[in-house]
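Coordinate analysis (summary)
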Amino acid sequence: MATNQHAIAGLCQEGDALVAAGCALKAAACYTTAFKTHVASTVAHMRSLDASNFVKVVSALEGWLDGEEDVQRSMDGLNKGLAAVFLSMLCPNNLSASLFKMESILQRADHSSEEIFARCSALLNSKGQPNPTGSRRLILELTRALAGLLSEPESPRALQLYLKAFQKHRSECVRLLRSRQAHHLPKILKAFSEQMHNCLDLSGSTQTEHKTFDIVNKSSLQASEILEFLEAVSPDDPNVRKWQGEFLLSLGKFEEGAEAFSHALELCGPQRDKKEGNMDESATCKVKPAENKASALVGRAAANFSIGGRANEVCRDLGEAFAIHPATARQQFQRLFSNNGTGTAARVLLRQQAERGLSGYRETVLARPDLRSTEGVELLDPVIAQLRTLCHLEPDGGGRELRVRLADCLLLRGEVREALSISSQLAAAGPTQQSYQNTVQVLCGYARLLSNDHQGALEDFQAVIEHRAPHPSSCVRALCGRGLLRMMAGSHYLTALDYLTASGLQPQETAFTVRCLIPWNSRGLLCTVLLEQGRVMLESVGDKGSGPLSQQEQEAPSAHGKDSLAPSKNGCPGGVHALAGLLMELQPGTDAPQILTADALYQLGRVEEAYRLLLSIEQHTTTRSPILARLALLQLHRGFLYDANQLLKKLIQCGDTSCLRPLLAVAAQKDCVLMEKHCYTASKRILSAQRDEGAIREAVAYLSIAIMASGGEATDSLLERAKCYALLGQRKTAIFDFSAILKDHPEHVPALWGRALTYLTLNQQKECTQDILAALRVDPEAVTQDILSVRDRGRKLMCEWLLQCCRESLCQAVAADKVAGEEHLQEACSVGAALLKIDVRDPRWHLLYVDTLLAKGDMQGAAFYLRQVFGQEPREGSAQARWGVVEASEQNFMGAAQRLAMVAEREPPILDFLLLLICPSHRKRLAQAACQEASRASQQGQWACALPLLSVAVHSVDGQKLQYLRQRAACLARLGLHERAVADLDKVIQGQAPEEEVTGVVEHALWAEDLCRRGRSLLLCSRERQALEDFSRALGLHRSRALECVEAWVGRSRLAGHFLHAASQCYAEQQLSEAWALTERGLKVEGGHAELRRLRARIKHEASSHCIVN
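What counts as what
- Residues numbered from 1 in each chain as written.
- Predicted model: local features only at pLDDT ≥ 70, side-chain atom pairs only at ≥ 80, totals over all residues.
- Heavy atoms only, no water.
- Helix = DSSP H or I, 4+ residues; strand = E, 2+ residues; numbered from the N terminus.
- Buried < 20%, exposed > 50% of the residue type's maximum accessible area, 1.4 Å probe, protein only.
- Contact = heavy atoms within 4.5 Å.
- Areas by Shrake-Rupley, 256 points an atom, 1.4 Å probe, with all protein chains shown as cover.
- Expected span 1.5 Å × (residues − 1).
- Arc of directions from axis to C-beta.
- Core = buried A, V, L, I, M, F, W, Y, C linked by side-chain atoms within 4.5 Å.
- Salt bridge = Lys/Arg side-chain N within 4 Å of Asp/Glu carboxyl O.
- pLDDT = per-residue confidence, 0-100.
- Axes fitted to C-alpha atoms, helices over the stretch in contact; angles between N-to-C directions.
- Parallel < 35°, antiparallel > 145°, perpendicular 65-115°, else oblique.
- Left-handed = near helix turned anticlockwise from the far one by under 90°.
- Nonpolar A, V, L, I, M, F, W, Y, C, P; charged D, E, K, R; others polar.

1. Describing the overall build of the chain
Scanning the chain from N- to C-terminus turns up 60 helices and zero strands. Within the chain, buried positions represent 50% of all 1110 residues. A fraction of 62% describes how many contacts in the chain between residues 6 or more apart in sequence connect residues 24 or more apart. With an accessible surface of roughly 52,200 Å², the chain has 50% of that area assigned to carbon and sulfur atoms.

2. Re helix 60 (residues 1090-1103)
Along its 14 residues, helix 60 runs 20 Å from first to last C-alpha, staying within 8% of the 20 Å computed at 1.5 Å per residue. Those residues of helix 60 that fall on the buried side of the exposure criterion are Leu1092, Leu1095, Ile1099 and Ala1103. Taken around the axis of helix 60, the buried residues stretch over an arc of 65°, which confines them to a single face. On its buried face, helix 60 sits against helix 58 (1052-1068) and helix 59 (1072-1085).

3. Overview of the nonpolar core
Ranked by size, the top nonpolar core spans 144 residues in total, and within it Ile772, Leu900 and Leu926 carry the most contacts. No other element matches helix 38 (residues 693-709), which puts 12 residues into this core. Ranked by size, the runner-up nonpolar core spans 92 residues in total, among them Leu390, Val416, Leu484 and Ala511.

4. Thoughts on the pattern of salt bridges
Overall, the coordinates contain 40 salt bridges when judged by the stated rule. The closest approach of N and O atoms between arginine 486 and aspartate 498, which form a salt bridge, is 3.1 Å. Here arginine 486, found in helix 25 (residues 472-488), pairs with aspartate 498, found in helix 26 (residues 492-505); they are 12 residues apart in sequence, far enough to count as distant. Its relative accessible area of 23% is what places arginine 486 among the partly exposed residues. Exposure remark for aspartate 498: the relative accessible area of 3% places this residue in the buried category. Residue glutamate 887 pairs with arginine 899 through a salt bridge whose shortest N-O separation is 2.8 Å. Of the two residues, glutamate 887 sits in helix 48 (residues 877-889) while arginine 899 sits in helix 49 (residues 893-904), which places them 12 residues apart along the sequence. Its relative accessible area of 14% is what places arginine 899 among the buried residues. A network of salt bridges, in which partner residues are shared, links Arg351, Glu355, Glu401 and Arg405.

5. A short note on the confidence of the model for the chain
For the chain, per-residue confidence averages 78 on the pLDDT scale, and residues scoring 70 or more make up 76% of the total. Here residues 202-220 scores under 50 on pLDDT; set against residues more than four positions off or in separate chains, the count is 43 contacts. Overall, residues 549-570 carries pLDDT values under 50, and its contacts beyond four positions in sequence, including any with other chains, amount to 21 contacts.

6. Thoughts on the packing of helix 37 (residues 669-689) against helix 38
Direction vectors running N to C along helix 37 and helix 38 enclose 160°, while the axes themselves pass 8 Å from each other. Comparing the axis directions of helix 37 and helix 38 gives the class roughly antiparallel. Judged by the sense of rotation from one axis to the other, the crossing of helix 37 with helix 38 is left-handed. Here helix 37 contributes Cys672, Met675, Glu676, Cys679, Tyr680, Ala682, Ser683, Ile686 and Leu687 to the contact with helix 38, which in turn contributes Ala695, Ile696, Glu698, Ala699, Tyr702, Leu703, Ile705, Ala706 and Ala709. Each residue belonging to the contact of helix 37 with helix 38 can be placed in one class, and the counts come to 15 nonpolar, one polar and two charged.

7. As for helix 32 (residues 591-603)
With 13 residues, helix 32 ought to run about 18 Å at 1.5 Å a step, and its terminal C-alpha atoms sit 18 Å apart, in line with that. Among the residues of helix 32, Asp591, Pro593, Gln594, Ile595, Leu596, Thr597, Ala598, Asp599, Ala600, Leu601, Tyr602 and Gln603 are the ones counted as buried. Directly beyond the C-terminal end of helix 32, a positive phi value near 85° is found at glycine 605.

In C-alpha cells form, the structure reads like this:
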C-alpha cells in the first residue's frame, strides 16, 4: 500500500512538473495513469492544483476525447473510457465526457438510443447552462441523429437531422462521421439509400415530350440533398454515382447524367482500390458488383439514348449490361425505357445496329486481301451482344427469327457449340414453328461440320438441297458445305459441280460462305481444287471439238429461265465462267483465276471481253507467258496476224512455251490450225533467211508451238524441228522427233533418212543400217540419191555398214527356211542394187551381187556375171573364190578347193559364207580334196601352200574332224605360227573323250602325242608352266610315247632344264609340294639330271622338319 501511495505521488509530481513546463498533454497522461492506480488520491491532488493548471489538464482531456489528432498521438497507450471517467470526476456534466459515454453506449447496444436522443436534445436546447458551440455542438447533433436512427430506423427524422448538420458544416460533418460513427456508417448509408429509392420515382406518366424524368416527392427529404450527403460521405460508392445519374436524368440533364453513370462504371471496375476498411465496399446497398455495373450501363444507355445521335454507345452499353447480369439489366431497362415508346424505340435501334454491324462485317470479309485471314471477325461481337440483348428483352427469350440470327452470328464468330445448341433447339421445334427451316438446317450442318460430325452435316446439307422450295441463300450455303465434304472425301469433280452451281445462283453469298464458314486451313486447297477442276471442265469441252459459242448458242440458255443452270452442272463454259468469277473474288490479284475466266469467255465466244481482261492482267502480272500465249491466240482469231507474231516473239523470248498446252486444250480446232500454220510458216521464213545458231533456235521455238498446236501430229513441223536439233548438235532430241513421226508413219522416208543420218553421226551402226534398209524398202531411188549426197567419209562408212548388213542377210537367207530366206534375199538385192548405183566401180558391190545370185542358187547366172565383170580367169582372189563355189556345184572339188584357198587365210568370214552356199555332201568331199592337196604340198615342204588348203578342209566340216585340225596344227608349227597351232590343238584335245573314258593304248598314245605337240608350241610361245603341265599329263598317259615325242621335238635335257627352272621358282616361293612334284616329273624325263637331284635333296631336307614328302 505504501508503495502504491509512493508511486501515485511520483506520477502526480511528474504531472505537476509537466504542467509547469507547459506540457499539458503529457501531464494529463500522467494524471490519468495515476487515476487508474488510485482514484481518490489522484482526484484530491488534481483539486489542489491552481486554477490555470487545472484548466489546462481538463482541456487536454477534452481534446483527447473529442478526437483531436495532436492529443491522440500524445495519449497513445491509454484508455479513452478511463479518461472520460477521470474527466467526469474532475468536472461533473462535462460535455466531452458525456458525448464519449453516449457514443460508447450506442456502439454497444441500441436499447438506450431513445434516452440518449433525449439527453442530446436536452443538451442542445438547454437554457440553464450555455449551449455547446463549435465542433462539440456538431458532435452532439450527429450523436442525436445516430440515436434517432437507431431508435426509429424507418423514420426520416434522423436523416433530416443528419442533413441539417451536413448543410451547416459539410466537411467537418463528413470527418466526424468517418471518425466517430464509422461503426454505424453502413447503417446510415443504408438508410439514406432506402430513402433515395423512395425519392426517385421514374414514372413514364410524368415524362415530358423532351424525355425528362420527374421526381415525385413523397417525403420532406430532397433527393438532391441526399445525393450531396452520400457523395460527400461515400464518394467511391458506384451506387451513389448511379443514383446521381438517375437524378440528373429526371432533371433532363442527360450529358451530366451520362458522365455520372460513366463515373459509376469506373468505380465498378476491378482496378478500384479498397480504402478505410469496409467503408467503400458498396455499403449503401447490398448489391453485387456485376449487378451494379449492369445497372449503371443501362442508365448510361438511357442517357445517351435521350441525348440522341449515340446509337453505337447505346447499343454497346445495353449489350454489355445484359452480358454481365441479364436480370438486373432487364429490370433497369424496364424502369428507364418504359415510357412513351422508348423501349420499342430502343429495340428498333438495337435491331438496326445489329443489321448495320452485320452488313459492315460482310463488307469487311469480302474485302479481305488474304483468303485465309480472319480479319473483321471482332465486328461480330457487338452484333452478337445486341442480338442477345433483344432476346433477353423479349418475354419468351426471343422469337425464332432473332434466335436464328443469333445462331448465324455465333457460327460466323466461331462459337460452334452454342450455335449448334441454338440451331438444334430451333430444328426440334414443333410443326407450328417451322419458319426459317432451311436456314436452321444449314446452321446445324455447318456447326456439325466444324464439330467433325461430317455425316450429320452431310445429311443436313442434303436435306436443304433436296427441299422442294429451298431458300436461295441457304441452298448456296448447303452446296458449299456439301462441296467441302466431297473435297475431303476426294471427289474433286463433284466438289467443283457444287461450287459451280452455288456461284451460278448467288456468287456474292458463295464467296462470303467460303471466306467465313469454310475452315481457314481448307480454303487454299479448296481454291486449288476448284481451279484445277474448272480447267478440266474447259478442257473436256475443248476435247469435244467445241470452240467459241455462236451468238445463238450464247442466247440459248437465257431462253430457258431457271433451267439455264443445268448446263453449268455439266461443266459448260458458262458454269466455268461463274466458277472462275468466284475464284477471282476469293483470290483477288492472282493470275490463275483471271486466266481461267479469260478461257471461259473465249469458249463462250466473248473474245473481246477475254482480250480486254488479259490486257488488264498483263499490266501487273509477273508471269507473262500464259498471258502472251492467250493474247496471241486471240489476235490470230481476230485476224491481226502482225500483232499475233509480235506476241509470239515475246513469248519465245520469255523462254516458257509450256503454258501453251493448257491453252490449246481449250482452243477451237480452227484456231489451233491457224496457230500451227502461222508458226510453221514463220519458222520456214527464219530458216530461209539465215542459218546461224540463234535463228535455228528461234525456228525451233516456232516449230515447237506449231507441234503443240497440232497435238503432236504436225509431221512437217516435227521433221523440220528434228533437222534443226541435229544442226544444233542435239542429236538425241532430233532422234526423238524423228521417232515421233515414225510412230504414226513408219514408212515416212524423210524421217527414216534423217534418223539414219543422226545415228551415223552417233556411230550407231545397227540403228543407222536398220533405218536405211527401211527407207530402201519404201523408196530406193530417193534413198540412193540421199546417200550420194552425203560426204565421202560418211558415205563410205554407210556403204560399209550396208555391206555388212547385206552379208548377214545372205547368211540368214541361206540358214533360214524358204519364206524367211526370200525376205532376206530381197533385202540383200535391194541393198546391192543401191550400192551399185552409188559406185559401180567398186568390185565389192559386184561380188555382193554375185553372192546374192549364189545364195539364190543361180550358179549359171553367177558364173556369167563373174565372166562379164571379172573376166574368164579373174585375178582377184575374192572373185576366184566365187568361181570355187561354182566349180563345187559342178563337182570339181579339187579346183574348188584351190580357188577357195585364196580367201581362206585373208578373209575367213568370206570363206565361211561361201562354204554355206555349198551343200553339205559337197562340202565333205571338198574337205577331203583339200586335205589330199595339202598332204601333197606338205610332202613337198610347201607348208605355206598347204595351210590355206587345210583351212578350207577345217572350215568345210566346221572343225568336226580332228585329223584336219592336227594336220593344220602341224603345218602352223612348221610355219612358226605356234599360237594358232595351240588354238587348233586345244580344239583337238577338247574334242577327245575324257581321260577316264579312254581305255585303249592307241588312244592314250595319240592323246599323249597331242599333248606333247601343244606343250612344244607352248614352250615356243614362252608359256612354260602350261607346257610343263601338258608334258606331265602326257607322261602320265603314255610315258614311252611321250618320251619319244620329247626326244624328237624338244630334247630330254632341254625339257628337264625347263622342269628345273619351274621347280626352282616354286622352291624360292616356298611352294615345296609343287616344287617336289616338278622335280619328280623332270627326273622322269631325265633321270640322271644332277641339278634336279640336288634340288630334290634340298626340298626333302627343308621339308623333313614339318612333314615327310614322298
